[in-house]
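Spelled out, the chains give:
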Amino acid sequence: MDDRHSDPDHHSPRTVVAMRAAQVVAGGTVGDTVESEVSAVSWPAIVAGGLTAVATTLILLMIGAGLGFSSVSPWTGEGVSATSLAIGTVVWLIVVQWLSSGVGGYVAGRLRTSWTGVHRDEVFFRDTVHGLLAWALATMISVALLSSAVGTIIGAGARGVGAVSEGAMHTATAAIGPVSQYDLDALMRPAQVGAVPRDATAMDVAPEVMRIIANGISIGDVPPAERAYLSQIVATRAGISQDDARQRVDQTIERGRQAAVHAREVAETARKTAAKVALFGALAMLIGAFVASAAAAFGGQLRDEPS
């Protein structure tokens, strides 16, 4: 006969499960983990913390906008410089991220559901996750609300990068021209005030002159043959000598080259600024996530303190 059927201490698996269930109901301890009916995630607290963070962000952004408009002035020599304003804006955005994350995380931790019979290390982990989720929710809402502003920043950076490339610069100069209308008028200005150009009845050559200068600047310089042709046009239109016309052409080309260089510098500055804003923004968001998690843990600890 099998000894297992005669052992009084032996029980079938179903009997063991039933005995453990009875011990759990009776409050006994069997050393096994019993799943709680209460979820470890308090979504109402997370939503409350996220909405609080979004509201705090909007308030602080309005305060920053007010301070920024108060510090600038259209008058020369008054107000802060553009560089100082840009640095102040970046710093303020970082401060906004940290403050709003801290407030939202604290609210999420303080309002979360109280857990009983949970180890304090597990409570600490859950609190930090609640703060992280509140931060994530606030970030998604903020991006949705400020999508136009974010799109403007990204678009400015993309245009700056595109303007740096040779093809984009060539297209831009061919489309709008590196020479201003004032420089073009000065190039064609008659030698005597009120004088009528000799070929006033002919087709206006200003667009052709603009295209020649733009093409020359895009390839590095205007060829000598093109310079001579432009000098003839200017001499005929303005009624001046070839030497004076050549001097005007050289000066106009030099101003156009300087304008193209300035456009490249502006595009490069926009590219660097967009890169710095993106990098510092990402770093500020990571620190904001940490601040929200720590604030939630602090708020949960205050909530669980005995009164």
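So, how was this worked out
Residues numbered from 1 in each chain as written. Predicted model: local features only at pLDDT ≥ 70, side-chain atom pairs only at ≥ 80, totals over all residues. Heavy atoms only, no water. Core = buried A, V, L, I, M, F, W, Y, C linked by side-chain atoms within 4.5 Å. Buried < 20%, exposed > 50% of the residue type's maximum accessible area, 1.4 Å probe, protein only. Helix = DSSP H or I, 4+ residues; strand = E, 2+ residues; numbered from the N terminus. Contact = heavy atoms within 4.5 Å. Axes fitted to C-alpha atoms, helices over the stretch in contact; angles between N-to-C directions. Parallel < 35°, antiparallel > 145°, perpendicular 65-115°, else oblique. Nonpolar A, V, L, I, M, F, W, Y, C, P; charged D, E, K, R; others polar. Patch = residues over 30% accessible without salt bridge, like charges linked within 9 Å, V, L, I, M, F, W, Y side chains within 5 Å. Areas by Shrake-Rupley, 256 points an atom, 1.4 Å probe, with all protein chains shown as cover. Salt bridge = Lys/Arg side-chain N within 4 Å of Asp/Glu carboxyl O. pLDDT = per-residue confidence, 0-100. Phe/Tyr/Trp six-rings, centres within 6.5 Å; stacked < 30°, edge-to-face > 60°. Expected span 1.5 Å × (residues − 1). Left-handed = near helix turned anticlockwise from the far one by under 90°.

Some details on the nonpolar core
Turning to step 1, where the next piece is worked out: Ranked by internal contacts, the top residues of the largest apolar core, which has 21 residues, are Val209 and Val234.
Turning to step 2, where the next piece is worked out: Elements with a contribution of two residues or more to this core: helix 8 (181-188), helix 9 (206-219), helix 10 (224-238) and helix 11 (242-304).
Turning to step 3, where the next piece is worked out: Among the elements that take part in this core, helix 9 stands out by supplying 6 residues, more than any other.
Turning to step 4, where the next piece is worked out: For Val234, the residues in contact, after removing those within four places along its chain, are Leu187, Met188, Gly239, Ile240, Ala245, Arg248 and Val249.

Description of the packing of helix 8 against helix 11
Turning to step 1, where the next piece is worked out: At a minimum axis separation of 10 Å, helix 8 and helix 11 run at an interaxial angle of 175°. Here helix 11 runs roughly antiparallel to helix 8, going by the angle between their axes. Contacts from Asp183, Ala186, Leu187 and Met188 in helix 8 reach Arg248, Val249, Thr252 and Arg255 in helix 11.
Turning to step 2, where the next piece is worked out: The residue makeup of the contact of helix 8 with helix 11, split by class, is 4 nonpolar, 1 polar and 3 charged.

What to know about a nonpolar patch on the surface
Turning to step 1, where the next piece is worked out: The grouping of Phe69, Val72, Val80 and Leu85 at the surface amounts to a nonpolar patch, some 350 Å² of accessible area in total.
Turning to step 2, where the next piece is worked out: Relative to the elements of secondary structure, Val80 occurs in the loop between helix 3 (43-71) and helix 4 (82-111).
Turning to step 3, where the next piece is worked out: Taking relative accessible area as the criterion, Val80 reaches 41% and is therefore assigned partly exposed.

Quick notes on the confidence of the model for the protein chain
Turning to step 1, where the next piece is worked out: With 72% of its residues at a pLDDT of 70 or more, the protein chain shows a mean pLDDT of 75.
Turning to step 2, where the next piece is worked out: For the protein chain, helix 7 (residues 166-176) is the element with the lowest average pLDDT, namely 42, and helix 5 (residues 120-145) is the one with the highest, namely 90.
Turning to step 3, where the next piece is worked out: Counted against residues more than four places away or in other chains, residues 1-11, with its pLDDT under 50, gives 3 contacts.
Turning to step 4, where the next piece is worked out: Low pLDDT, under 50, characterises residues 13-31; the predicted model gives this stretch 6 contacts beyond four residues in sequence or across chains.

What to know about the pattern of salt bridges
Turning to step 1, where the next piece is worked out: Tallied over the entire structure, the rule returns 9 salt bridges.
Turning to step 2, where the next piece is worked out: Linking Arg227 and Asp221 is a salt bridge whose minimum nitrogen-to-oxygen distance equals 2.8 Å.
Turning to step 3, where the next piece is worked out: Here Arg246 ties to Asp243 by a salt bridge, and the two come within 3.0 Å at their closest N and O atoms. With a gap of 3 residues between them, Arg246 and Asp243 both fall in helix 11, about one helical turn apart.
Turning to step 4, where the next piece is worked out: A relative accessible area of 54% means that Asp243 is categorised as exposed.
Turning to step 5, where the next piece is worked out: Within the structure, one salt-bridge network assembled from shared partners comprises Asp221, Arg227, Asp250, Glu254 and Arg257.

What to know about the packing of aromatic side chains
Turning to step 1, where the next piece is worked out: Tallied over the entire structure, the rule returns 1 aromatic pair.
Turning to step 2, where the next piece is worked out: Taking 6.2 Å as the distance between ring centres and 35° as the angle between the ring planes, the aromatic pair formed by Tyr106 and Phe298 counts as tilted. Note that Tyr106 is positioned in helix 4 and Phe298 in helix 11, a separation of 192 residues in sequence.

Considering the side chain of Thr57
Turning to step 1, where the next piece is worked out: Residue placement: Thr57 occurs in helix 3.
Turning to step 2, where the next piece is worked out: Residue classification places Thr57 among the buried residues on the basis of a relative accessible area of 12%.
Turning to step 3, where the next piece is worked out: If we ignore the near neighbours within four places in the chain, the residues touching Thr57 are Val96 and Ser100.

Section: helix 5
Turning to step 1, where the next piece is worked out: Its 26 residues give helix 5 an end-to-end C-alpha distance of 37 Å, which sits within 8% of 38 Å, the value for a rise of 1.5 Å per residue.
Turning to step 2, where the next piece is worked out: Listed in full, the buried residues belonging to helix 5 are Val123, Arg126, Asp127, Thr128, His130, Gly131, Ala134, Trp135, Ala138, Thr139 and Ser142.

Here's the deal with the packing of helix 5 against helix 11
Turning to step 1, where the next piece is worked out: The N-to-C vectors of helix 5 and helix 11 enclose an angle of 130°; their axes lie 7 Å apart at closest approach. Compared by their axis directions, helix 5 and helix 11 come out oblique. The two elements helix 5 and helix 11 cross, and the hand of that crossing is right-handed. Here Val123, Phe124, Asp127, Thr128, Gly131, Leu132, Trp135 and Thr139 of helix 5 lie close against helix 11, whose contacting residues are Met285, Gly288, Ala289, Ala292, Ser293, Ala296, Ala297, Gly300, Gln301 and Asp304.

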